[in-house]
Amino acid sequence: MAGGRFSVDSTPVTAISVGGKLTLTIIISCIVAASSGLLFGYDIGISGGVTTMVPFLQKFFPDILRKAAETEANLYCVYDSQVLTLFTSSLYLAGLVSSLAASKVTTAYGRRNTILYGGILFLAGGAINGGAENIPMLIIGRVLLGLGVGFANQAAPLYLAEIAPPKWRGAIGISLSFFLGIGIVAANCINYGIAMHTWGWRLSLGLAVVPAAIMTIGSFLISDTPNSLVERGQIDQARKSLHKIRGSSVNIEPELDELIKWTAIAESVKQKPFKTIFKREYRPHLVMAFAIPFFNQLTGINIVAFYSPNLFQSVGLGHDGALLSAIILGVANLTSNLVSAGIVDRFGRRFLFITGGIVMFVCLIGVSILLAVVTGVDGTNNISKGNAILLLVLLCLYTAGFGWSWGPLAWLIPSEIFPINIRTTGQNITAGLSFIIIFVLSQTFLTMLCHFKFGVFLFYAFWVAVMTLFVIFFLPETKGISLDSMYTICGKHWFWCRFVKGEDGEENSL
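Residues numbered from 1 in each chain as written. Predicted model: local features only at pLDDT ≥ 70, side-chain atom pairs only at ≥ 80, totals over all residues. Heavy atoms only, no water.

A. How the structure looks around the overall build of the protein. Scanning the protein from terminus to terminus reveals 24 helices and 2 strands. Counting only residues that meet the buried cut, the protein has 60% of its 510 residues in that class. Within the protein, residue pairs in contact and separated by at least 24 positions form 81% of the contacts whose partners lie at least 6 positions apart. Of the roughly 18,800 Å² of accessible surface on the protein, 67% is carried by carbon and sulfur atoms. (Helix = DSSP H or I, 4+ residues; strand = E, 2+ residues; numbered from the N terminus. Buried < 20%, exposed > 50% of the residue type's maximum accessible area, 1.4 Å probe, protein only. Contact = heavy atoms within 4.5 Å. Areas by Shrake-Rupley, 256 points an atom, 1.4 Å probe, with all protein chains shown as cover.)

Right, dumping it as structure tokens:
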């Protein structure tokens, strides 16, 4: 490759300019695809609140209520139960399993159909959880929810990246995180409104069918991406899809020809994608496939989202106060997502990553110091309401920092940085690793909180510092670059250029 061109059999392929108009079709398609974030967000918000509901604990986890009633109970250890954490983490183990298959499903059946399958599975899981009578039914429902999230997380980011004009790809990619935030806030509001009713937990869990129905029905209203249709040889359908996306007045033939050429290049390599991504010239992309989800989960945000009601109730805000605090955290995340969507295509990805990382690091250190001072080393001292509110403020700032950086960008970067021939494979690795880490962290957090106490937040602060340094030195800027030209960014990076360039200094061909 030289001069910004790939070549196969000496036939040049040059990236073209893609129209930047936002059409009604793009907007509707984005709403449907991004609604997969509702599934994930609703589950994140609902599970933590449900596990603090007395009727739910009485039915499934009475030992926790007995532990909470003890006068000498350690504030950090009240909710330390492996079965309770399995209720939360089983979804992510199932998500891992489904994400392993989702790459082939996405390639063979398309992005849209994979989103549809995810909605159906989530619909079934929500219904079973709402009617659960024992712990096995709870776990089965959670497994089905996880299978649905796994399929949706694989396909939706690719769908959004592939239909978005480069000018708007950042904002459109962030819509997934924004809908996730809506799901979290909606779930926390529902938990707060019905928590004390004996049937409240059933309604909270069962209402998961609503976002699932929105995504399932919406999937029938949109077409697949032109990229996916071309991959599967459906050229006429790809042409129709491009006309809908770009507008009937736009000449889409040059863009369609470009998609066909790029697909031909990818197919001509004649290598399995999982083998290809381990080649030297794709080393930067492989590192990003592992590093982005790894660091994203080690911000600690999902753990805070899952267990913030448990944490706030433990430190003395009371049941209603704990659920209300979770709502406030969700609103902080949602608001910062809007800020991120408004500036990501102007200031770039790196700027948001770095500023968000600094804010998160400072707040996590502050949370750790506050808990160490006011609860004591052993965690048996009661915390005043004023200090509990200060804790909430610090966690709100931390959540806001995440909401404009690692929250939306951890979805966006993997969806746009991979070349076409390894795009679904890279997304598959990203989704799978994310589920592995979130399963481990969600299964161990309450035990870590019990044993490490305030030190658990220092653990996450350390990783936030590491990931911010990683962004500063190793993450290329992808702002404003078309997907077909994304191969150029690593060749121009001070470190990654040594992998994507040959000995003669020219970039490697695909």
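Back to the text.
B. Seen up close, the side chain of Ser 175. Here Ser 175 lies in helix H8 (residues 169–194). A residue is classified by how much of its surface remains accessible, and Ser 175, at 15% relative accessible area, is buried. Among the polar contacts made by the side chain of Ser 175, one reaches the main-chain carbonyl oxygen of Ile 172 at a distance of 2.4 Å. (Polar contact = N/O pair within 3.5 Å; in protein donor to acceptor, adjacent residues only side chain to side chain.)

C. Examining the pattern of salt bridges more closely. Under the defined criterion, the tally for this structure stands at 13 salt bridges. Note that Arg 202 is salt-bridged to Glu 133, the shortest N-O span being 2.9 Å. Of the two residues, Arg 202 is situated in helix H9 (residues 200–206) and Glu 133 in the loop between helix H6 (111–130) and helix H7 (135–163); the sequence distance between them amounts to 69 residues. Overlapping salt bridges, with partners in common, bring together Arg 111, Glu 162, Glu 231 and Arg 423 in one network. (Salt bridge = Lys/Arg side-chain N within 4 Å of Asp/Glu carboxyl O.)

D. Region of interest: the environment of Tyr 398. With respect to the element layout, Tyr 398 can be found in helix H19 (residues 385–403). Judged by relative accessible area, which is 1%, Tyr 398 ranks as buried. Sequence-wise, Tyr 398 and Gly 356 are 42 residues apart; in three dimensions their C-alpha atoms are separated by 8.4 Å.

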